[in-house]
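Here are the chains, one letter per residue:
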Amino acid sequence: MKRQAPALEAALSQLEAAQLRRARITVAHRAASGRSLTLSDGRELIDFSSNDYLGLARHPALAAAMAACAAEAGAGSGASHLITGHGTEHARLEEELADFTHRERALLFSTGYMANLAVCGALAARSERVLLDRLCHASLLDGARLAGARLLRYAHADAGAAARLLEAQPGRTALLATDGVFSMDGDLAPLPELARYARAHDVWLLVDDAHGLGVIGAQGGGVLEHYALGSEAVPILVGTLGKAFGSFGAFVAGSEALIELLIQKARPYLYTTALPAPVAAATRAALAIVRSESWRRERLAMLVRGFRTAAAAVGVALLPSMTPIQPVVLGSAAAALAAQRALATAGFWVVAIRPPTVPAGSARLRVTLSATHSEAQVEALALQLGRACAGLRNA
Ligand SMILES: *Cc1c(COP(=O)(O)O)cnc(C)c1O
């Protein structure tokens, strides 16, 4: 370790020089209502970077469900799901998620990252082809790599390009996978076309709707509800519970046979400790709110429209996104960091997203809106973004 320290220092200096070194902030306090964060240095900022789209992470019903379950079941689950870690809260949540997504079964995972590793590993044999959108989430890429699959990527949201890859070697292709809502761009995958091509070639289609479930569709059913696609069109649905659901964990929803196979075979399911039961209890409370309080989605959609109008009025160029993910692409990592600093000075926490999270030359501020933002906060942010962008042009 001692011998290697200079190599580690050199790697860190290289990141620093390229403006790609990342730093964490320590959040000392999160306001229960509204969206403010207090940092450990005492600064208070309005949070426009969280994926808590519906404002459930600090909802008292989730905390109460968690506390009640912990009083009964304790904190940790103590073992994997196949040993003794699987309890009634997990079982009920899985049933409720299957019902919510209109599928035969759902299987809980500790994280979305692991859920994607699990599905790729269970369905793609070594050297079979896996087709991914160029901008899909890193966990799908890593899943395909870990499976030893032949990874092929098609141009972003280009169903025609996916079809050409499929037509080349359909028999050798195991899986076509995409984000439903793209996490760094906020746009939607062309699912009706992808579903048609995947079915025509008898290839599994996986949609990871981490940013759509709970948010898109009148019922919060995500991009599948938006496009009116059922489980025949999209047999594998991955959802995460740490974003709109304000909790933690993830699930795969699909047929009885698919879920049973994952339970038997998926290493990220078998060889890890089960999600704590109180987390599952909190998620059940969140799911009930997601299903019953459609005003949160309606309010969020209204804030998205208001933000886009206000940003256009001050000359801020946004990507074509109808979701609460509203990126402002600035190009270089240095420009994105400068804009992040300018906004923090003005009282807003909007994080710069740099390569390799986004392609080189497309560093950006990724603004995310929540149902708990006020209209005044959203308008004030747009105004400050206008100033920050003008500052960069004049720099
Ligand atoms: C956040 C995210 C994941 C990972 O989910 P975690 O539960 O945070 O591990 C997977 N896929 C997409 C598209 C995501 O945005």
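Everything that follows concerns the structure shown earlier in this document.
A. Structural detail: the sheet that holds strand β8 (residues 204-208). One open sheet holds the 7 strands; their spatial order is β4-β10-β9-β8-β7-β5-β6, and the pairing between them is mixed. With one partner strand each, in any of the chains shown, β4 (105-109) and β6 (150-154) form the two edges of the open sheet. If you compare each strand with its neighbour and ignore which way they point, the axes differ by 20° on average. Sheet contacts for helix α4 (residues 88-100): β4 and β10 (250-254); angle to β4, the most-contacted strand, approximately 130°. Most of the contacts of helix α5 (residues 112-123) go to strand β9 (residues 236-240), to which it runs at about 160°, and overall it touches β4, β7 (173-179), β8, β9 and β10.

B. Summary view of the site of the ligand. Lining the immediate environment of the ligand, one finds 14 residues, of which Gly-112, Tyr-113, Asp-208, His-211 and Lys-243 sit closest. The contact in question runs from an oxygen atom of the ligand to an N or O atom on the backbone of Gly-112, over 2.7 Å. At a separation of 2.5 Å, a nitrogen atom of the ligand approaches a polar side-chain atom of Asp-208. For the ligand, whose free accessible area comes to 380 Å², the fraction covered by protein is 82%.

C. Spatial organisation of helix α12 (residues 277-292). Its 16 residues place the ends of α12 23 Å apart at the C-alpha level, agreeing with the 22 Å of an ideal helix rising 1.5 Å per residue. For α12, a buried count of 12 out of 16 residues is recorded, marking the element as mostly surrounded by other parts of the structure. Taken residue by residue, α12 has Ala-277, Pro-278, Val-279, Ala-280, Ala-281, Ala-282, Thr-283, Ala-285, Ala-286, Leu-287, Ile-289 and Val-290 as its buried positions. Against the buried residues of α12 lie α2 (60-73), α4 and α13 (294-313).

D. Highlighting the layout of surface pockets. Estimated volume of the largest pocket: approximately 1200 Å³. In terms of lining, the largest pocket is formed by 44 residues, of which the most central are Ile-25, Asp-47, Ser-49, Trp-349 and Val-351. At the level of elements, α1 (5-17), β1 (27-30), β2 (36-39), α14 (333-345) and β13 (352-353) are the ones that each hand at least two residues to the lining of the largest pocket. With 3 residues, the single largest contributor to the lining of the largest pocket is α14.

E. Representation of empty space enclosed by the protein in the model. Applying the stated criterion to the full structure yields 1 cavity of 30 Å³ or more. Computed from the structure, the largest cavity encloses a volume of approximately 40 Å³. What lines the largest cavity is simply His-81, Leu-108, Phe-109, Ser-110, Pro-268, Tyr-269, Thr-272, Thr-273, Ala-274 and Leu-275. For the lining of the largest cavity, the secondary-structure elements that each account for two or more residues are β4 and α11 (267-270). Taken together, the residues of the lining of the largest cavity sort by class into 6 nonpolar, 4 polar and no charged.

About the criteria used
Residues numbered from 1 in each chain as written. Predicted model: local features only at pLDDT ≥ 70, side-chain atom pairs only at ≥ 80, totals over all residues. Heavy atoms only, no water. Pairing = 2+ DSSP bridges. Helix = DSSP H or I, 4+ residues; strand = E, 2+ residues; numbered from the N terminus. Axes fitted to C-alpha atoms, helices over the stretch in contact; angles between N-to-C directions. Contact = heavy atoms within 4.5 Å. Near = heavy atom within 4 Å. Polar contact = N/O pair within 3.5 Å; in protein donor to acceptor, adjacent residues only side chain to side chain. Areas by Shrake-Rupley, 256 points an atom, 1.4 Å probe, with all protein chains shown as cover. Expected span 1.5 Å × (residues − 1). Buried < 20%, exposed > 50% of the residue type's maximum accessible area, 1.4 Å probe, protein only. 1 Å grid on protein atoms, 1.4 Å probe; cavity = no way out; pocket = protein on both sides within 12 Å on 5 of 7 lines; lining within 4 Å. Points joined across faces, edges and corners; volume = space filled by probe spheres on them. Nonpolar A, V, L, I, M, F, W, Y, C, P; charged D, E, K, R; others polar.

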